[in-house]
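Structural features, examined
Below are the chains, spelled out letter by letter.
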Amino acid sequence: MTVTMEKIVNLAKRRGFTFQSSEIYGGLASCWDYGPVGIELKRNVREAWWREMVQKRPDIVGIDCAILMHPRVWEASGHVEGFTDPLVDCRECKARFRADQLDAAQCPMKPSMHPGQFEKCNLTEARQFNLMFKTFMGPVEDSANVVFMRPETAQGIFVNFLNILNSSRRKPPFGIAQIGKSFRNEITPGNFLFRTREFEQMEMEFFVKPGEDEHWFEYWKNERLSWYVKYGIRSENLRLRAHADDELAHYAKGCADVEYHFPFGWSELEGIANRTDFDLRRHSEYSGKDLRYFDEEAREHYFPYVIEPAAGADRATLAFLVDAYDEDEAEGETRAVLRFHPKLAPVKAAVFPLLRKDGQPEKALKVYEMLGEHFTVQYDQAGSIGRRYRRQDEIGTPFGITVDHQTMSDDTVTLRDRDSMEQVRLPIDRLVDDLRNRIEAPRQR
Ligand code: GAP
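Let me sum up the structure you'll find in this document. (Residues numbered from 1 in each chain as written. Predicted model: local features only at pLDDT ≥ 70, side-chain atom pairs only at ≥ 80, totals over all residues. Heavy atoms only, no water.)

The final tally for this structure, using the stated rule, is 22 aromatic pairs. Aromatic pair Trp32 and Phe192: ring centres 4.7 Å apart, planes at 90°, arrangement edge-to-face. Here the residue Trp32 occupies a position in strand S2 (residues 32-34), and Phe192 occupies one in the loop between strand S9 (174-183) and strand S10 (198-208), the gap between them amounting to 160 residues. Where Tyr293 meets Tyr302, the ring centres are 5.6 Å apart and the plane angle is 65°; that geometry is what we call edge-to-face. This pair shows no difference in class: Tyr293 is buried, exactly as Tyr302 is. Clustering of aromatic rings is evident, with ring pairs tying together Phe158, Phe161, Phe174 and Phe207. Lying across the ring of Tyr251, Arg275 places its NZ or CZ 3.7 Å from the centre. Across the ring face of Tyr389, the terminal group of Arg416 is positioned such that the distance to the ring centre comes to 4.1 Å. (Phe/Tyr/Trp six-rings, centres within 6.5 Å; stacked < 30°, edge-to-face > 60°. Helix = DSSP H or I, 4+ residues; strand = E, 2+ residues; numbered from the N terminus. Buried < 20%, exposed > 50% of the residue type's maximum accessible area, 1.4 Å probe, protein only. Lys NZ or Arg CZ within 6 Å of the ring centre and 35° of its normal.)

Glancing now at helix H10 (residues 360-372). Here H10 is 13 residues long and its end C-alpha atoms lie 18 Å apart, about the 18 Å a rise of 1.5 Å per residue gives. Every buried residue of H10 is accounted for by Gln360, Pro361, Ala364, Val367 and Leu371. Projection of H10 onto a plane perpendicular to its axis shows the buried side chains occupying an angular sector of 120°, all on one side. In H10, those exposed residues whose orientation departs by more than 90 degrees from the buried face are Glu362, Lys366 and Glu369. The secondary structure elements touched by the buried residues of H10 are strand S19 (349-353), strand S20 (377-379), strand S21 (399-403), helix H12 (405-410) and helix H13 (431-440). (Expected span 1.5 Å × (residues − 1). Arc of directions from axis to C-beta. Contact = heavy atoms within 4.5 Å.)

Before going further, it helps to examine the side chain of His79. Relative to the helices and strands, His79 is located in helix H4 (residues 79-82). Classification of His79 as buried rests on a relative accessible area of 4%. Engagement of the side chain of His79 in a polar contact is seen with the side chain of Ser77, the distance being 2.6 Å. The contact partners of His79, leaving out residues within four places of it in the chain, are Trp74, Asn130, Met132, Pro151, Glu152 and Gln155. (Polar contact = N/O pair within 3.5 Å; in protein donor to acceptor, adjacent residues only side chain to side chain.)

Further remarks concern the environment of Leu87. By the element assignment, Leu87 lies in strand S4 (residues 84-89). C-alpha of Leu87 to C-alpha of Ile187: the two residues are 100 residues apart in sequence and 7.5 Å apart in space. Look past the residues within four positions of Leu87 in its chain and what remains in contact with it is Arg96, Phe97, Glu125, Ala126, Arg127, Phe129 and Ile187.

Not every one of the 21 residues close to the ligand is listed here, only the nearest: Glu152, Arg184, Thr196, Glu203 and Glu268. Taking Glu186, its side chain carries an N or O atom lying 2.8 Å from a nitrogen atom of the ligand. Between the ligand and the protein, one listed contact pairs a nitrogen atom with a side-chain N or O atom of Arg275 at 3.4 Å. Compared with its free state, where it exposes 560 Å², the ligand has 91% of that area covered by protein. Taken together, the elements giving at least two residues each to the shell around the ligand come down to S10, strand S13 (265-276) and strand S16 (305-312). Take the shell around the ligand: its biggest share by element is five residues, from S13. Each residue belonging to the shell around the ligand can be placed in one class, and the counts come to seven nonpolar, four polar and 10 charged. (Near = heavy atom within 4 Å. Areas by Shrake-Rupley, 256 points an atom, 1.4 Å probe, with all protein chains shown as cover. Nonpolar A, V, L, I, M, F, W, Y, C, P; charged D, E, K, R; others polar.)

On to the packing of helix H2 (residues 36-55) against helix H9 (residues 313-324). Two numbers describe how H2 lies on H9: the axes approach to 10 Å, and their chain directions differ by 110°. Relative to H9, the element H2 is oriented roughly perpendicular. Taken as a pair, H2 and H9 cross one another with a handedness that is right-handed. On H9, the residues touching Leu41, Lys42, Val45 and Arg46 of H2 are Ala313, Asp314, Ala316, Thr317, Phe320 and Leu321. Split into classes, the residues belonging to the contact of H2 with H9 amount to six nonpolar, one polar and three charged. (Axes fitted to C-alpha atoms, helices over the stretch in contact; angles between N-to-C directions. Parallel < 35°, antiparallel > 145°, perpendicular 65-115°, else oblique. Left-handed = near helix turned anticlockwise from the far one by under 90°.)

Turning our attention to the nonpolar core. With 56 residues, the main nonpolar core has Phe17, Met202, Trp220, Trp227, Tyr228, Leu318 and Phe320 as its most contacted residues. Here the element with the most residues in this core is H9; it accounts for eight residues. Not counting residues up to four positions away in its chain, the partners in contact with Trp227 are Val45, Ala48, Trp49, Glu52, Met202 and Phe320. (Core = buried A, V, L, I, M, F, W, Y, C linked by side-chain atoms within 4.5 Å.)

All told, the structure shown has 49 salt bridges when counted by the stated rule. Taking the shortest distance from any N to any O, the salt bridge between Glu52 and Lys56 comes out at 3.2 Å. The buried category is assigned to Glu52, whose relative accessible area is 16%. In this structure Lys56 comes out as partly exposed when scored by relative accessible area, which is 47%. Between Lys230 and Glu52 there is a salt bridge, with the nearest N and O atoms lying 2.9 Å from each other. One end of the pair, Lys230, is in helix H7 (residues 213-230); the other, Glu52, is in helix H2, and 178 residues separate them in sequence. On the basis of relative accessible area, Lys230 is assigned to the partly exposed category, the value being 36%. Here the salt bridges share partners, and the residues they tie into one network are Asp326, Arg339, Asp417, Arg418, Asp419 and Arg443. (Salt bridge = Lys/Arg side-chain N within 4 Å of Asp/Glu carboxyl O.)

Set out below in structure tokens:
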């Protein structure tokens, strides 16, 4: 079985994971809406991140900052000056390309060739293009009112460093985590959810004493790789790749990417960077506020170093979707099964009456309502039981619960496991606990 992006995109649309933004108007390139099933999946991805990065960590707190920030933030961070990609235009076909990625692009006039290789190509010189989206604050559209849509969530954390220190009495090593939307006017977005212009990041800035940064850099590389495995990605599809010196961002002393083996090749899922004390120093300089930490014991001020695991919620959602994709044969038909970890599965269980008579639908609805207090569940009474299982397999529901003739006399139901297809009989009053145990159980593929 080969997973292709085409299979993933088709299934995603057919079953309500994602839709193209503004589709009835022809769509807006590389912008995606999450449908009823997709939003449950993405919410679970975000919650899994928050659970491991904030809820279970006494040394990390959360924050949720405004998307619009003071324009000086982006001068201090280096984004106004340096957050650029080299851009070339083709005067002939009017297409635009990243000058440093021509080898990976296709010439629109001659797709078997790269831009610049076809005789009719007429490329301009490369010029630097800033990726930040600009808008205006207030009714007057002049340069004094320009604000930027944040291109990373990280800066909201740095500018709140003192607020967090003062309000929650933290001392290094400690972290501040944030999940939220970021915007980049990417020259070449694409590959479905992989690279878009509006996306969600899950970032954590971990502040440490200078000299301890190398230790924490190693620690966070391993922690973040393990997170993807814990939530169901097969380890053979993950790897860590250290950045070469010429790849490092202007603020970084070291960086490693968690990469996933997407259908289009190994690509970045998350970056873990040693940002040194660059950001706190720069914000101190630009704001005039002293952002050093005062170490009571050593009686000294210092700028903490920062280790940053920066992940993308959409990119992670795509990786979980691709990795879960499987196919099997039923009645001579090939069908898709999504083998999500139960914690990430959009719907945890589906409840079916075997027959649409003898009080079974009413009983099944009661079971559905009982489970709905605790989990995202669906009720389905349409079509044969085989078809109903298949519909749920396609959206990755790990458990199917069937109310049948026996239920009406002894209050038991059957529970089917999506992956083993094993069926067990359980009393209805044990279902909530049983399902919870099954969802919580460690599961690796
Ligand atoms: N604060 C550091 C930072 O933003 P980054 O490597 O540029 O680092 C971190 O971004 C993560 O955000 C990436 O690994 C990716 O998962 C996600 N991301 C970045 N640009 C994206 C885009 N255009 N579309 C979707 N996700 C993106």
